[in-house]
Structures are given as C-alpha cells and as structure tokens.
Amino acid sequence: MNTVKVKLPDGSEKTLKNGVTLAEAAKSVGNRLAKEALAARINGDLVDLSAKLENDVAIEFLTFDSEQGREVFRHSSSHLMAYAVQELFPGTKFGIGPAIEEGFYYDFDKPGGFTEEDLNAIEKKMREIAARAIPFRRREVSRKEAMERFRSLGEVYKVELLEGIEGDTVSLYELGDFVDLCRGPHVPDSSYIKAFKLTGLAGAYWRGDERNKMLQRIYGTSFTKEKDLKEHLHLLEEARKRDHRRLGRDLDLFSFHEEGPGFAFFHPKGLVVWDALMDFWRKEHRKRGYVEVRTPIILARSLWEQSGHWDNYRENMYFTVIDDRDFAIKPMNCPGGLLIYKTHLHSYREFPLRCAEVGLVHRHEKSGVLHGLFRVRQFTQDDAHIFLLPEQIVDEVVGIIEFVDFMYKTFGFSSTVELSTKPEKHIGSDEMWEQATSALKAALARVELDYKLNEGEGAFYGPKIDFHIRDCLKRTWQCATIQLDFALPEKFDLSYIGSDNQRHRPVMIHRTLYGSIERFLGVLIEHYGGAFPTWLAPVQAILLPVGESHRPYAATLLERLRNAGVRAEADLRDDKIGFKIREAQLQKVPYMLVVGDREVSSGAVSVRHRQRGDLGPQQFEDFLASLQAEIENRTL
RNA sequence: GCUGGAGUAGCUCAGCCGGUAGAGCACCUCACUCGUAAUGAGGGGGUCGUGGGUUCGAAUCCCAUCUCCAGCUCCA
C-alpha cells in the first residue's frame, strides 16, 4: 500500500503517503496545528510526532490545551532540566522526573545537594539547551541492554526501575547526551520548551518511602508561551494572599505560639465564626434526629487497649499518669461514646441511633507536618457514632452523603470523594471488611457519585468514604468522612435486643461533616479569601459616623442592630471617614454604614458593601430587614 | 521524623567584611470635626528565638536547641 487513511477527531478523513511522520500529517491538516502539536494519540496510544504512519489509523494531535498535551510538555521539560543537571554536575545520579499537575520535577542524587544559585545556573543551562533545538530521540532496546548500559553508568536508580519493569523491550529517550529510561512520548525537540521556571527545591525519599535514601527534588513549571508562565506565577502570588495563616493574623481570628506547637489559639473574632458554624451544625443535626453527647478527654489506658488504639494508634497518642494509673489523651471519640452506649440495654426500635459528639482530640503528629489550621495536634471533630442494623447501612450512608452535600453546598464548596479499603494494620475479620466495603460501594452507587479508590488506606477499624476540599494552593484536604465499623462493637461487646427478643451485635458508623472544625475553618478562610458570607462574618455591619455630632445616632443604631441579633460595631474614633472605610474594607466587613447629617435627619444609613461599593442611602428599617434576610438565608 | 531555608519592635523588613540596632505601618498623646480605601505633629516600644562557646567586644562567627516555612513521609 502506498497510502494510509487517517481519521481525525472531527470525523474527517485524510489520505496520506505511507510512511509519513505524524509531524508531516499534522502539517497536512493545517499550519497552526503543525505548530501547536506536541505529540499524538494513535488508536489510543500516545506517540511522538516523529513516529511514522504505516497503517490506517485514528489520530488525535495533542496540544498544550489538553491535559495530556501539557503532561507530555512538562515531562519533556523535566528531561531538559535533567540534561542541564548532567552537564553542570557530572556524577549526579538520576531518579525519576514526571510531570505533575502544575509543572514537573526530577529527583537527583547529588552529594551535598543543590543551592539556590545552582538552581539559577540550571535554569540558565536549560535556556541554552532549549535554544539549540536538540531533538528527543526514541530508541527501543532490550531490557538487558538497558540494564547493562545504566549499570555501567552507575545509575543505580534506573537499574532498580528496570528490575521492576515487565517485558523484554524498553524505550530510551535521548536528548543530546542525556539518555533516560522513559515511556514517552516527548515533544520533537528542546526548542519547544520556551517558557519555564524552576520553582522549588526539596528533599524527597526515593520511591516515596521514608526508609529509602532522600534525594534532591527540583520542582519547575513550564508553558508554551511566556505570557502563560507569567500569569501562572501571578496566580500563585494571588493564592498566597489567601493563605489562611496570613488572613488568620490579619483578620485577628487565631494565632499559634511557640508555647504550643500545633495547638491553635482562637481569638474573639475567630470564635464568632466557629460558633456560627456550630450553631448551623447543631440546628441541622437536630432536624435529622441526632442527639449529642460529650465524653472526657483523658481516659484509662485499659480502654484504649480494649479498643485497639493501643496496638494500632499508640505512636500518635499522648499519655499521662494519674494516681499511679496510666491514662491516654483521646485521639478519637469513639471509645468514650461506646461507654455511653453500654449504659443502657438498647432495642432495634431505637435504630439508627444517631449520637453526635463535638469532641476535642489530640494526636501527636510528626513535627514536620504541622500546617496552620490544616494540620494541628489538637482539634475538634464534629463526630457522630451511629448504631444501626446491617440492613440499614446503605440507607443511612446515603443519608449522610446527602447531609454532607447539603452542608458543603451551603458554603459553596465542591469536593471530591475517595473510598479507602482495608489497610495492613487492621482489626476485624476479612469477611467483616468485605461486607463493610461493599455496603459503602452500594451507597456510592445509589447516589451516583464518582469516587477514587484508595486500596489499603482505610482506618484500622473499617473502610471509609472521604470528602476532600482543595485549598488555595490546590492542595486537597480531607474533611468529611464516613467510616463503617464492625470491629469496635465486637471488641466492646455491644448489643441490642432484636424483634426476636434475642441479643444481637449492632453495626456502627463513625462520621464527620466538617471533619475538624479547625481545618474546616482554615479551608473556609481560603475559600472566601477572608471575606466570609454575612452569616459567618465576625462583624456583619459597622457604623461609621462622619463627624462627632453623628455619634449618638450611630450609637442608637448600634444598639438596634445588636438587639436584632446582628453582630455590629461602631467606629467612633476621631478619624476621617475615608480612613474608617479603609479599615473596615481591610477587615472585610460586609456592610459599612456611613451616617452623617443627611442620615440623621432622615432616619437612614448610607450603605457601602465591601465588594459592591457605595449602594446609596436606605431607610434603616429596610436595611435591617434585608440584612436579616441575608443572614437567615446564609446567602453566599 | 527526614532534606533544605528562615527567626531583628505587634506586622513587613534593613543592618556589608564582628565595634554595642534602624525604617515604614501599627500603637499612645495632641491638634484637626472631617461624606465613601490612608489628616498632621509628637511620643513610647527590641536582653536581635533560646542556651552555650570564640573574642577586648557578637544581631553579625561556631556548636546545640526550639519554632516557623517549602517539600517528602504520614494524616481529620
């Protein structure tokens, strides 16, 4: 055959000469595509543009606009960086260098590590290499040959990778003198990589295992256009301004101190938001038939031995001794809740028994993982333990998922869902795990939620469904969780009386909605950039008298606002109105109420909204009514 | 916990090679009585994270330690 037929994503077909490269094929489609294509997908497989066409195929060209196109581009960028490192620092050993969501990285083993200056030098070298338009060449060799080659170069990490690869042939990619074990594909040559920046330097364990040697990881990001790179860096800068640790201080919400690493101190304004969150939470729980309990923070060691925490969670727990007896500070609320359950004989008629607990727990997290309110050593869980019959599980889990969904919608959050299964360290039989996991899957299927499966990531007592929310820097944080537990009821010998008048073992669900109030508050701060919706705002309205003579009027309105349940303040200082507005704006107060002669004489307020600006005068009663409605409706 | 970086006034930061600490904002006082993002003047405030060491002398050099930041590992 002298020709091949290619089918394009838009359905059109083209007939091309047999043996043309994909780059040439792209050109036949259009100049623009030829310029923007980075790689291609043929019949579903990713290939280089230098690949030749020898059969009739369906082609999809990948550009930077697609996720896979970006991945190829960034992956090639990491090779470019590795080449620069090889040139500048001979003897450096190479780990892996993949593309990641916002860029790429490469792990290196270089004695002494890299410095910031090294990074600049590497970046400079990369520009040099990029300008030379060096082609990426693919070569397929036998696994054995590749092994010998990397072994002779002393590339121990590559050899280790090869040992783990199935199959007889592997592909190598050459970029100038830099050869890497790599599946590909890559962009045609180094000149494609125009706009890039090395963004970070950090240690990373080989293969992500802390028992392995720590390598030096260099992070970078790259784009096809300089403009996009600039925009990306600008967005990062903007995101940093939303950092809850910064806003927490600027808005006077909370603080951390050397005297209590990982323990948050909540300031008056932070506590107002906290209370608003919890008022909402309690109201919604009462509607759904929950009761609430509170259990002690310090409980005897024997309880934790019984629950399995002693064996499975000890390294995260704090201990103390009281009257020569060993106690533990609770890392979870469940064992205490179980003691309450056991104070009565329960009937199946009570089920599902929904028992909530806003519990303060302590966990000894490794020092390096602490992170503002997102990762602390003391936090408050909006926990609940639900006791129920096995046949009630799916309905109950569906109900909780809908509850989570309702709560998150109120805040304007979207979340992603993950299902985690049996971990290595666990209690309970395989059969229990199987039963519990399939129940969770059934519930997810019923609500038609897409989820990610995390094998072996469950809690030690049961599988779980987690809800993750993204922070300002796109890191995701687990908030809500639903955990099924057949094991603890067993360990604590829980029972209920069934309709047959016999004792039976109940099933237990652990669940949280906010997860940790501390974390959730942190996520909220970033989500709103500190500008809380009015129902959550520490100060909902502030009165700003223009001059001294308007203070009595402001004081009267302040009282009326407060009597109406509004969190209001008045700025009665001797300052210009512009100054007071600036301060209120910086504190992100939703409503600023300017009062001067005009307002005093007409019973009005001049309303300024923090985002919408000057809204003009309104009768005070009208303003109050609309403010109350906004708070009542939890308007975003 | 590990790798790298950083700790100077409430905040942001300056202080080169060692000579005994400074700015802006904030705070306090006074004057101004003001109409939608900063009125002016004056003043107070730091044992330079902590503990050792080197030195005639340490914010500065060395060691240890604590905390924070980025990442890894781990997790709500």
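Definitions and limits used
Residues numbered from 1 in each chain as written. Chains lettered and ligands numbered in written order. Predicted model: local features only at pLDDT ≥ 70, side-chain atom pairs only at ≥ 80, totals over all residues. Heavy atoms only, no water. UniProt positions renumbered as here; feature names shortened; annotations may be inferred. Near = heavy atom within 4 Å. Polar contact = N/O pair within 3.5 Å; in protein donor to acceptor, adjacent residues only side chain to side chain. Helix = DSSP H or I, 4+ residues; strand = E, 2+ residues; numbered from the N terminus. Nonpolar A, V, L, I, M, F, W, Y, C, P; charged D, E, K, R; others polar. Salt bridge = Lys/Arg side-chain N within 4 Å of Asp/Glu carboxyl O. Buried < 20%, exposed > 50% of the residue type's maximum accessible area, 1.4 Å probe, protein only. Phe/Tyr/Trp six-rings, centres within 6.5 Å; stacked < 30°, edge-to-face > 60°. Lys NZ or Arg CZ within 6 Å of the ring centre and 35° of its normal. Expected span 1.5 Å × (residues − 1). Arc of directions from axis to C-beta. Contact = heavy atoms within 4.5 Å. Core = buried A, V, L, I, M, F, W, Y, C linked by side-chain atoms within 4.5 Å. Domains from an automatic or database assignment. Pairing = 2+ DSSP bridges. Axes fitted to C-alpha atoms, helices over the stretch in contact; angles between N-to-C directions. Parallel < 35°, antiparallel > 145°, perpendicular 65-115°, else oblique. Left-handed = near helix turned anticlockwise from the far one by under 90°.

- Going by what an unreviewed UniProt entry lists, chain A is known as Threonine--tRNA ligase and is assigned to Candidatus Abyssobacteria bacterium SURF_17.
- Listed under Sequence similarities (unreviewed entry) in UniProt, the entry text for chain A is "Belongs to the class-II aminoacyl-tRNA synthetase family."

## Considerations on the protein's contact with RNA strand B
Item 1. Near RNA strand B, the surroundings consist of 51 residues, among which Tyr 205, Arg 375, Gln 478, Arg 582 and Glu 599 are the closest.
Item 2. When atoms of RNA strand B within 4 Å of the protein are split into backbone and base, the sugar-phosphate part holds 51%.
Item 3. Contact between RNA strand B and Lys 464: a phosphate oxygen at 3.0 Å from a side-chain N or O atom of the residue.
Item 4. Secondary-structure elements contributing two or more residues to the surface near RNA strand B are strand S12 (195-205), strand S13 (214-223), helix H8 (244-250), strand S26 (476-485), helix H18 (577-586), helix H19 (597-602) and strand S33 (604-609).
Item 5. Top contributing element to the surface near RNA strand B by residue count: H18, with seven residues.
Item 6. For the surface near RNA strand B, a count of residues per class yields 17 nonpolar, twelve polar and 22 charged.

## Brief notes about the pattern of salt bridges
Item 1. Here the structure, examined in full by the defined rule, presents 36 salt bridges.
Item 2. In this structure, Arg 354 and Glu 396 form a salt bridge, with 2.7 Å as the shortest nitrogen-oxygen distance. Here Arg 354, found in strand S21 (residues 353-362), pairs with Glu 396, found in helix H13 (residues 393-411); they are 42 residues apart in sequence, far enough to count as distant.
Item 3. A salt bridge links Glu 490 to Arg 505, with the shortest nitrogen-to-oxygen separation between them at 3.5 Å. Here Glu 490 is found in helix H15 (residues 487-491), whereas its partner Arg 505 is found in the loop between strand S28 (503-504) and strand S29 (507-516), with 15 residues between them in sequence.
Item 4. For Arg 505, a relative accessible area of 31% puts it in the partly exposed group.

## Overview of the packing of aromatic side chains
Item 1. Applying the stated criterion to the full structure yields 34 aromatic pairs.
Item 2. A centroid spacing of 5.5 Å and a plane angle of 80° characterise the contact between Phe 89 and Phe 114, whose relative ring orientation is edge-to-face. Highlighted residues: Phe 89 in the loop between helix H3 (67-88) and strand S6 (93-94) and Phe 114 in the loop between strand S8 (103-109) and helix H4 (116-131), separated in sequence by 25 residues.
Item 3. Here Phe 460 and Tyr 461 contribute two aromatic rings whose centre-to-centre distance is 5.2 Å and whose plane-to-plane angle is 75°, an arrangement assigned as edge-to-face.
Item 4. Judged by relative accessible area, which is 7%, Phe 460 ranks as buried.
Item 5. With a relative accessible area of 6%, Tyr 461 lands in the buried category.
Item 6. Linked through ring pairs, Phe 280, Phe 406, Tyr 408, Phe 411, Phe 413, Phe 467, Tyr 514, Phe 520 and Trp 535 together constitute an aromatic cluster.
Item 7. Above the plane of the ring of Phe 114 lies Lys 110, whose end atom (NZ or CZ) is 5.1 Å from the centre.

## Examining H4
Item 1. The end-to-end C-alpha separation of H4 is 23 Å, in line with the 22 Å expected for 16 residues at 1.5 Å each.
Item 2. Where H4 is concerned, the buried positions are Asp 118, Leu 119, Ile 122, Glu 123, Lys 125, Met 126, Ile 129 and Ala 130. Buried residues of H4, seen end-on, are gathered within an arc of 165° and therefore sit on one face of the element. Exposed and oriented more than 90 degrees from the buried face of H4 are Glu 117, Asn 120, Lys 124 and Ala 131.
Item 3. Those residues of H4 that are buried are in contact with H3, S12 and S13.

## A short note on the nonpolar core
Item 1. One finds Tyr 408, Phe 411, Ile 465, Tyr 514, Phe 520, Phe 532 and Leu 536 to be the most contacted residues of the largest nonpolar core, which totals 63 residues.
Item 2. The element contributing the most residues to this core is H13, with ten residues.
Item 3. Taken domain by domain, this core gets at least three of its residues from each of domain 3 (254-296 + 330-528) and domain 4 (534-633).

## A word on the sheet that holds S28
Item 1. Strand order in the open sheet made by the three strands is S20-S27-S28, with mixed pairing throughout. Either end of the sheet is taken by a strand with one partner, and the two such strands are strand S20 (346-347) and S28.
Item 2. As paired strands, strand S27 (residues 496-497) and S28 are joined by two bridges and run antiparallel to one another. The partner of Ile 497 across the bridge, within S28, is Arg 503.

## Quick notes on the domain arrangement of chain A
Item 1. As far as domains go, chain A holds domain 1 (3-63), domain 2 (68-238), domain 3 (254-296 + 330-528) and domain 4 (534-633).
Item 2. When each unit is reduced to the centre of its C-alpha atoms, the spacing between domain 2 and domain 4 is 57 Å.

## Here's the deal with the packing of helix H5 (residues 143-152) against helix H6 (residues 156-163)
Item 1. In the contact formed by H5 and H6, the axes pass within 8 Å of each other and the chain directions differ by 160°. When the interaxial angle is binned, H5 and H6 end up roughly antiparallel. Classified by chirality, the crossing of H6 by H5 is left-handed. Residues Arg 143, Ala 146, Met 147, Phe 150 and Arg 151 of H5 pack against Lys 158, Val 159, Leu 162 and Glu 163 of H6.
Item 2. Here the residues of the contact of H5 with H6 sort into five nonpolar, no polar and four charged.

## Overview of H13
Think of an α-helix as turning once every 3.6 residues; residues three or four places apart then point the same way.
Item 1. For H13, built from 19 residues, the straight-helix expectation of 27 Å at 1.5 Å per residue is met to within 8% by its first-to-last C-alpha distance of 27 Å.
Item 2. For H13, the set of buried residues is Ile 393, Glu 396, Val 397, Val 398, Ile 400, Ile 401, Phe 403, Val 404, Met 407, Tyr 408, Thr 410 and Phe 411.
Item 3. Just past H13, the residue Gly 412 takes up positive phi, approximately 80°.

## Quick word on the environment of Val 159
Item 1. Relative to the elements of secondary structure, Val 159 occurs in helix H6.
Item 2. Apart from residues lying up to four places away in sequence, Val 159 is in contact with Met 147, Phe 150 and Arg 151.

## What to know about the pairing of S21
Item 1. For S21, the tally of buried residues reaches eight of ten residues, placing the bulk of the element in the interior.
Item 2. One ladder, built from three bridges, connects strand S16 (residues 291-293) with S21; its direction is parallel. Pairing of Val 293 across the sheet is with Glu 357, part of S21.
Item 3. Two elements, S21 and strand S22 (residues 378-388), share ten bridges in a ladder whose sense is antiparallel. Within S22, the position partnered with Gly 359 by the bridge is Gln 381.

## Side note on the environment of Arg 325
Item 1. Positionally, Arg 325 belongs in strand S19 (residues 325-329).
Item 2. It is 7.7 Å that separates the C-alpha atoms of Arg 325 and Ala 300, two residues lying 25 residues apart in sequence.
Item 3. Excluding residues within four positions of it along the chain, Arg 325 makes contact with Ala 300, Ser 302 and Thr 320.

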